[in-house]
Structure formats: C-alpha cells, structure tokens
2 protein chains.
Amino acid sequence: MKRTLWYASRPEIVSRGCIVGPREGKGPLADRFDVILEDDLLGLPSWELAEAEMERRACMLCLERAGITQAQVEAQLGGDLLNQLMASGLAAREIGAPFLGLYGACSTMAEALLIAGALVDGGYRKNALACASSHFCTAERQFRFPLELGTQRPPSAQWTATAAGAALVAAPRTERGGIRLECGTIGRVIDYEIADANHMGAAMAPAVADTLLGHFSDADRTPADYDLIVTGDLGIVGREILLELMKERGVRIEQEKLMDCGASLFGREQDCHAGGSGCGCIASVLTGHIMRMLEDGQVRRVLALGSGAMTSTTSAQQGLSIPSISHAVALVSD
Amino acid sequence: MKRTLWYASRPEIVSRGCIVGPREGKGPLADRFDVILEDDLLGLPSWELAEAEMERRACMLCLERAGITQAQVEAQLGGDLLNQLMASGLAAREIGAPFLGLYGACSTMAEALLIAGALVDGGYRKNALACASSHFCTAERQFRFPLELGTQRPPSAQWTATAAGAALVAAPRTERGGIRLECGTIGRVIDYEIADANHMGAAMAPAVADTLLGHFSDADRTPADYDLIVTGDLGIVGREILLELMKERGVRIEQEKLMDCGASLFGREQDCHAGGSGCGCIASVLTGHIMRMLEDGQVRRVLALGSGAMTSTTSAQQGLSIPSISHAVALVSD
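Residues numbered from 1 in each chain as written. Chains lettered and ligands numbered in written order. Predicted model: local features only at pLDDT ≥ 70, side-chain atom pairs only at ≥ 80, totals over all residues. Heavy atoms only, no water.

### Brief notes about the overall build of chain A
Next up, step 1: Assigned secondary structure in chain A consists of 9 helices and 14 strands.
Next up, step 2: In terms of overall dimensions, chain A has a C-alpha envelope of 55 × 50 × 35 Å along the principal axes.
Next up, step 3: A burial count over chain A gives 68% of its 334 residues as buried.
Next up, step 4: When contacts within chain A are restricted to residue pairs at least 6 apart in sequence, those whose partners lie at least 24 apart make up 79%.
Next up, step 5: Charged side chains of chain A number 30 positive and 41 negative; the gap between the two group centres comes to 4 Å. (Helix = DSSP H or I, 4+ residues; strand = E, 2+ residues; numbered from the N terminus. Buried < 20%, exposed > 50% of the residue type's maximum accessible area, 1.4 Å probe, protein only. Contact = heavy atoms within 4.5 Å. Lys, Arg positive; Asp, Glu negative; His and termini not counted. Charge placed at Lys NZ, Arg CZ, Asp CG, Glu CD.)

### Considerations on the pattern of salt bridges
Any two side chains of opposite charge can pair if their charged atoms end up close together.
Next up, step 1: On inspection of all chains with the given rule, the structure shows 42 salt bridges over all chains.
Next up, step 2: A salt bridge links R153(A) to E140(A); its shortest N-O distance comes to 3.0 Å. Of the two residues, R153(A) sits in the loop between α4 (136-143) and β7 (159-160) while E140(A) sits in helix α4, which places them 13 residues apart along the sequence. The pair formed by R153(A) and E140(A) is uniform in burial state, with each residue classed as buried.
Next up, step 3: A salt bridge links R65(B) to D34(B); its shortest N-O distance comes to 2.8 Å. Separated by 31 residues along the polypeptide, R65(B) in helix α1 (residues 47-66) and D34(B) in the loop between β2 (12-20) and β3 (35-36) bring together distant segments of the chain.
Next up, step 4: By relative accessible area, which is 22% here, D34(B) ends up partly exposed.
Next up, step 5: One network of salt bridges, with partners in common, ties together R10(A), R176(A), R180(A) and D334(A). (Salt bridge = Lys/Arg side-chain N within 4 Å of Asp/Glu carboxyl O.)

### Notes on the nonpolar core
Note on soluble globular proteins: their nonpolar side chains tend to be buried together.
Next up, step 1: Core analysis: the biggest nonpolar cluster contains 134 residues, and I13(A), L77(A), I290(A), I13(B), L77(B) and I290(B) have the highest contact counts within it.
Next up, step 2: Residues within four places of L77(B) in sequence aside, it is in contact with L100(B), L102(B), A112(B), I115(B), A116(B), L119(B), A128(B), L129(B), A130(B) and C131(B). (Core = buried A, V, L, I, M, F, W, Y, C linked by side-chain atoms within 4.5 Å.)

### Considering the relation of the copies chain B and chain A
Next up, step 1: Relative to chain A, chain B is turned by 180° and slid 0.0 Å along the rotation axis, the superposed coordinates differing by an RMSD of 0.0 Å. Expressed as an axis order, the relation between the two copies is that of a two-fold axis. Among all C-alpha atoms of chain B, that of L102(B) lies closest to the rotation axis, at 2.1 Å. (Least-squares fit on C-alpha atoms with pLDDT ≥ 70 in both.)

### Notes on the packing of α1(B) against helix α4 (residues 136-143) of chain B
When two helices pack together, their arrangement is given by the angle between the helix axes and the distance between those axes.
All names here are of chain B.
Next up, step 1: Packing of α1 against α4 leaves a shortest axis separation of 8 Å and a crossing angle of 135°. Here α1 lies oblique to α4, going by the angle between them. Crossing handedness for the pair α1 and α4: left-handed. Contacts from W47, E48 and E51 of α1 reach α4 at C137, T138 and R141.
Next up, step 2: Classifying every residue of the contact of α1 with α4 gives 2 nonpolar, 1 polar and 3 charged. (Axes fitted to C-alpha atoms, helices over the stretch in contact; angles between N-to-C directions. Parallel < 35°, antiparallel > 145°, perpendicular 65-115°, else oblique. Left-handed = near helix turned anticlockwise from the far one by under 90°. Nonpolar A, V, L, I, M, F, W, Y, C, P; charged D, E, K, R; others polar.)

### Overview of the pairing of strand β8 (residues 163-170) of chain A
Residue and element names in this part refer to chain A.
Next up, step 1: Within β8, 8 of the 8 residues are buried, leaving the element largely enclosed by the surrounding structure.
Next up, step 2: Residue alternation in β8 divides its side chains into two sets, A163, G165, A167 and V169 and A164, A166, L168 and A170, and both sets are buried.
Next up, step 3: As judged from the 8 bridges shared by strand β2 (residues 12-20) and β8, these two strands associate in the antiparallel manner. By the bridge assignment for β8, S15 is matched with L168. (Pairing = 2+ DSSP bridges.)

### Examining the interface of chain B and chain A
Next up, step 1: Each partner contributes residues to the interface: chain B has 59 residues there, and chain A has 59 residues.
Next up, step 2: For the pair chain B and chain A, the summed buried surface comes to about 4,500 Å²; carbon and sulfur atoms form 65% of the total.
Next up, step 3: If you look at where chain B meets chain A, you find 2 salt bridges.
Next up, step 4: Of the charged contacts, one joins D191(B) and R93(A) as a salt bridge, the two residues approaching to 2.5 Å between their closest N and O atoms.
Next up, step 5: Put simply, chain B and chain A have 25 residue pairs in polar contact (both at pLDDT 80 or more) between them.
Next up, step 6: Looking at the side of chain B that touches chain A, the elements that each hand over two or more residues are β1 (4-6), α1, α2 (86-95), β5 (99-101), α3 (108-121), α4, α9 (313-317) and β14 (324-333) of chain B.
Next up, step 7: Split into classes, the residues belonging to the side of chain B that touches chain A amount to 31 nonpolar, 17 polar and 11 charged. (Buried area = accessible area lost by both parts, 1.4 Å probe. Polar contact = N/O pair within 3.5 Å; in protein donor to acceptor, adjacent residues only side chain to side chain.)

### Observations concerning the packing of aromatic side chains
Next up, step 1: The tally for this structure, following the rule as stated, stands at 4 aromatic pairs over all chains.
Next up, step 2: Their ring planes at 5° and their centres at 3.9 Å tell us that F136(B) and W159(B) sit as a pair that is stacked. Taken together, the residues span a long stretch of sequence, with F136(B) in helix α4 and W159(B) in strand β7 (residues 159-160) at a distance of 23 residues. Comparing F136(B) with W159(B) shows no difference in burial state: the two are buried.
Next up, step 3: A cation sits over an aromatic face here: R23(A) above W159(A), 4.0 Å from the ring centre. (Phe/Tyr/Trp six-rings, centres within 6.5 Å; stacked < 30°, edge-to-face > 60°. Lys NZ or Arg CZ within 6 Å of the ring centre and 35° of its normal.)

### Brief notes about unusual backbone geometry
Residues and elements named next belong to chain A.
Next up, step 1: Cis geometry marks the peptide bond from G232 to D233; its omega dihedral reads 5°.
Next up, step 2: As for its placement among the helices and strands, D233 is situated in the loop between β10 (228-232) and α6 (235-248).
Next up, step 3: In this structure, D271 is a non-glycine residue whose phi angle is positive, near 60°.
Next up, step 4: Its place among the elements puts D271 in the loop between α7 (261-265) and β12 (276-277).

Laid out in structure tokens, this is it:
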C-alpha cells in the first residue's frame with residue numbers, strides 16, 4: 001500500500017529560522033545557521049527552559065523573516081525529545097498559535113513538515129509553522145546519565161545536538177519559484193531488535209531504508225531523481241549501515257549523494273563520536289544549510305528523511321529493543 | 001484568527017473499538033465498552049507492555065468491525081501519556097501501518113481524529129486509524145509515586161483510566177448516513193498558572209473554554225447547535241470550573257448538555273475522587289459510549305473536546321505551572 005502523500009498545489013516554504021549551541025557553532029556548518037548561542041543555558045534557570053526558549057527563538061526568527069506576526073500563524077506543529085514535549089509545549093504557549101504536538105523522536109521535523117504540507121495543500125490552513133528542538137544537556141540527563149558523571153561513550157554513540165529549527169509552510173504565492181513541498185512519505189515503525197542506546201544509528205537505519213524504498217516505489221523514482229538525499233540523524237555508523245541495506249535491496253546510492261545531518265554537524269576533532277542526533281539536528285541543518293542550498297540553486301531536488309528512535313528510559317530498563325521510524329518529505333526549488 | 005478546519009466531504013467514522021480495565025468495567029458505563037479486562041497486566045511482564053497490547057487490541061477490534069486488515073490501514077495516528085509514546089510506538093510496530101505519533105496528553109484522541117479528518121477529507125489517505133491509550137499503573141508510577149506506597153490523594157485528584165480506544169476514519173461510503181466528522185478546532189496552549197498535579201481539572205478547564213469559545217465563534221454556533229458537548233477529561237471539579245468560566249464569558253451550558261468522560265467513567269462509590277483521566281479515558285468513552293449514542297440516534301450532533309495537561313515530572317520538579325491544550329471535533333449522525 002502506498003504511503004506517499006502528494007501535495008497538488010506544492011505548498012511553499014516561505015521562511016525558515018534556526019539556532020544552534022556553542023559546540024554546533026564550531027562545527028563545519030557553523031556559517032549556515034542564523035544564530036549561534038554563546039551560552040547554552042541562555043541565562044535561564046534550567047536547560048529545559050533554555051531548550052524551550054531556543055525553539056521559541058527559532059520560530060520567531062522564521063516569522064520575522066516571513067514578515068508575519070505570531071497572531072497570523074494558523075497552525076504550529078512541533079515536538080522534541082523531552083518527556084511530554086516539555087520544550088515544545090512551553091514554546092507553543094509563548095507563540096500562542098493553534099498547536100499540534102507531535103512525537104516522532106528525531107523524525108519529528110519531517111513529520112511536522114509532512115502534516116503541515118497536507119493542512120496547507122488541502123486548504124485547511126493558509127500557513128503552518130513546523131518546528132523541533134533538542135538540547136544536549138536536557139537529553140543527556142533524561143535519557144542517559146547526569147552530566148556531572150562525565151560518562152565515557154562508545155564510538156557508535158551520538159551526541160544530541162543543542163539546536164532548533166522552524167520552517168513556515170504556506171499556500172504558494174506564485175505558480176513557480178521558491179522552495180516547494182512536493183510530497184511526503186509516512187514511515188512505519190520498524191524494529192530490528194537493536195537494544196543498545198549507544199547504537200541508535202543501527203536501530204534507525206532499517207526504518208530509513210524502509211521509508212526510502214517505499215518512497216521510491218510509490219513515486220516510481222530512484223536516487224537519480226534527487227540531487228541530494230538528506231537523512232537525520234543516523235550518524236556516521238548508521239549512514240554506512242543505510243548504504244549497505246539499500247545496496248542489499250538493489251538500490252545504489254552514491255556516497256556524495258547521501259548527506260546525514262548528524263554525520264555532518266560536528267567535525268571529527270570535536271570528539272562527538274558517531275555524530276549529532278536529536279530533533280534539533282535535522283531541524284537546524286534542514287532550515288539552515290539545506291534550504292540555503294535550495295535557495296542558492298546548488299541543489300534543486302532534495303529528499304529529506306527524519307529518523308527517530310522510539311526509545312524511553314522505561315523501555316531501555318525493561319531490556320526492550322528500539323522501535324524506529326522515518327518520515328520523508330521531498331523539497332524542490334524551481 | 002479562525003482555528004476551525006472544515007471537512008467538505010464529511011469523512012465517515014466507519015468503525016470503532018475500545019477496551020477497558022477491571023475498575024472501569026465496574027463503573028456506570030461498563031456495558032458500553034467492547035472488552036473489559038479481568039487482568040490489567042494481560043499476563044505480560046510489565047504494565048507498559050500491557051498498555052501497548054491494550055492499544056493494539058482496541059485497534060484490531062476496530063479493524064475487525066470494519067472488515068479490513070492491518071495491511072489496508074493507510075495511516076495510524078495515535079499517542080499516549082508514556083515518555084516517548086512507548087505504548088503507541090509498540091502498538092504501531094505490531095499494526096505495521098504508516099504511523100504518525102502525536103502528543104497532546106489527554107487531548108491526543110481528539111488531535112488524532114482532527115488530523116485524520118484532514119488526511120481523509122483532503123484525499124491524501126482513504127482511511128486513517130485514530131487511537132490512544134492510558135493505564136493507571138504506568139501513569140501512576142511515571143508521573144506520581146510507586147504504586148506500592150499507596151499514597152493518599154486529595155479529592156481534586158483524578159484517576160488515570162486503564163483504557164484504549166480506536167476509530168477508523170474513512171472516505172464516506174454514501175452522501176448521508178453513519179457517523180460523520182464535520183469539523184475540528186485546533187487548541188492553543190493555555191496556562192492559568194496552576195502548578196498542582198492533583199488539580200489537573202483546574203489547569204485544563206481554561207484550555208477547554210478557550211477552544212470552545214473559538215469553536216463557537218469560528219462556526220457561528222452556540223451550545224444549542226449540539227445535543228451534547230463531551231469533554232475529556234476535566235473530572236468532576238474541572239467540569240464545574242468550565243461551566244463557571246463559560247458563564248463568565250456569557251455562554252450558558254446546561255448541566256445535562258455537558259458530559260465529561262472523566263466525571264462519568266467511575267461511580268462515586270469507586271473512590272476515584274474527581275474522576276477519570278488519561279488519553280484512554282475519552283478514547284474509550286468516545287468510541288464506546290458516545291459513538292453508540294450517535295449510532296442509536298440518541299444524539300445527532302456531538303462536540304467532543306479532548307483536554308490535555310502538558311506536564312512532566314521534570315516541569316513539576318522545577319516548580320513550573322501546567323500548560324494545557326484542548327482540541328475539538330464535531331461528530332454528527334445523519
């Protein structure tokens with residue numbers, strides 16, 4: 001059964017905003033982000049409040065660039081990794097727009113764009129703000145260990161990005177031009193029985209492969225139909241597993257055509273092991289780096305796949321494996 | 001700005017399924033549910049696995065009643081209260097359909113129906129399965145205290161329902177007939193600075209009032225346009241606060257026209273204080289009791305409002321107030 005939604009009007013991504021933490025701001029993509037924070041606490045009493053404020057600022061940057069006010073946002077769709085979407089709930093409270101909370105772990109930004117596309121294309125909303133955030137310090141202490149422990153991590157472990165991104169999807173202003181949402185493919189929950197929280201890339205790669213194969217089959221396309229396939233966030237290890245899995249299924253993706261946001265966010269010298277992760281990683285790299293590439297004509301057709309590990313401390317403590325999911329959206333520039 | 005989405009084709013709710021725990025099965029609505037569990041652990045190793053299995057069974061009951069297989073589900077939308085949607089993720093893994101994870105606390109079922117309505121009405125999906133679950137034992141130990149403590153609760157505290165519900169939204173088979181989704185109103189995050197986790201009704205009532213007023217204004221309607229206004233889950237205390245808030249704003253709702261799922265799920269003698277709560281409460285009461293009323297012609301026009309308290313143990317420990325949200329859907333039978 002086909003899993004791809006086609007947006008007949010090709011909604012436009014009229015604006016974008018992103019913000020990253022100090023470490024992300026020292027990585028290879030540093031000059032592609034709107035704001036680099038000097039202090040990842042933003043002077044607030046807790047990292048959770050800082051994450052919420054980061055998400056709010058990314059949204060406000062996006063709205064300012066679009067020239068609209070908070071009161072003109074017809075829907076906000078977003079999420080984060082925190083229990084009960086703490087950061088997004090607080091950010092949405094400040095924005096004040098109609099809010100749909102989503103959870104797809106690190107695939108949340110793609111899920112938000114996918115639903116936003118349908119709400120705008122279907123004529124239900126004139127615009128919809130998609131957003132997501134993550135914060136190293138909130139994720140680390142929620143999912144792993146107190147930061148003060150300075151716990152060692154294996155090379156396959158990923159580093160949760162301190163970052164947030166937002167994109168405003170709107171009814172197209174003209175028939176052609178700008179960055180357009182062409183279609184979206186909804187992911188299924190895939191579980192290859194990986195139970196190691198330090199090996200998320202291995203857990204998520206099969207979900208990305210499943211969505212990628214579903215998308216190619218639904219749309220009758222191959223990697224040749226895209227200038228770039230962007231995943232977020234498999235990390236360095238998961239990215240290689242995805243290439244292997246696709247090759248096994250007879251789909252060859254060239255090394256240079258596959259960019260993983262997590263594998264690209266940090267430099268090797270930054271000691272972030274297998275790379276970045278977290279809802280904010282693909283959210284910021286997509287709304288910073290990739291959308292700039294689309295605007296500048298460096299690429300014209302991008303397939304962006306978010307990948308989420310649906311794990312919790314409870315499921316980990318119960319020894320369960322990590323169910324994963326990946327949603328895809330096709331972004332094209334005319 | 002208007003927050004209501006209109007579904008031109010009025011998608012049909014072609015099927016429904018629900019399942020409740022032993023205590024819910026001794027309440028006043030007992031004979032309205034499809035399945036009453038004798039053992040809320042379902043013979044599984046953990047309550048979390050039991051909740052996931054409950055959600056899966058509610059979905060399967062719904063699909064069996066619709067006469068379709070899992071492979072024919074074009075989208076599944078759902079969520080629960082557990083960190084990182086543990087129950088829904090595991091249920092979705094077993095169903096195997098394209099899955100969109102949602103989080104709106106106890107408003108999740110309404111959020112799922114609202115988005116499912118747009119996906120089906122917009123022609124993006126032929127059908128969409130909306131579902132949600134909660135479990136007293138998983139919620140209690142995650143949000144409050146170990147069950148073994150037998151902690152006392154104040155009278156305003158609510159009792160998380162052990163329940164799950166699912167509804168299949170599909171393209172209408174005929175122009176008239178059946179239960180139809182007419183429109184949905186997206187909620188905003190509202191925060192009246194209530195920080196008491198034992199007083200959720202007070203935190204959520206203002207969010208319900210906000211969505212109710214938005215709906216009436218958008219649709220140019222009054223309570224007289226509905227046979228029943230269903231909220232879930234304000235509980236006994238929150239329900240009274242909502243009536244007060246609406247009266248202050250000049251909207252009089254008759255006592256008998258307002259049914260709160262939480263306030264109706266348990267009998268007074270069941271010692272559940274202010275009543276039920278949890279994503280599964282409105283999900284089961286809606287797909288059990290209310291949809292049966294619509295089928296039987298006891299009511300023809302129902303406005304259902306889910307209400308969610310976007311709180312987490314982290315936000316509670318940081319002394320933060322409880323941001324709340326309420327989404328609404330109008331269900332009509334011809």
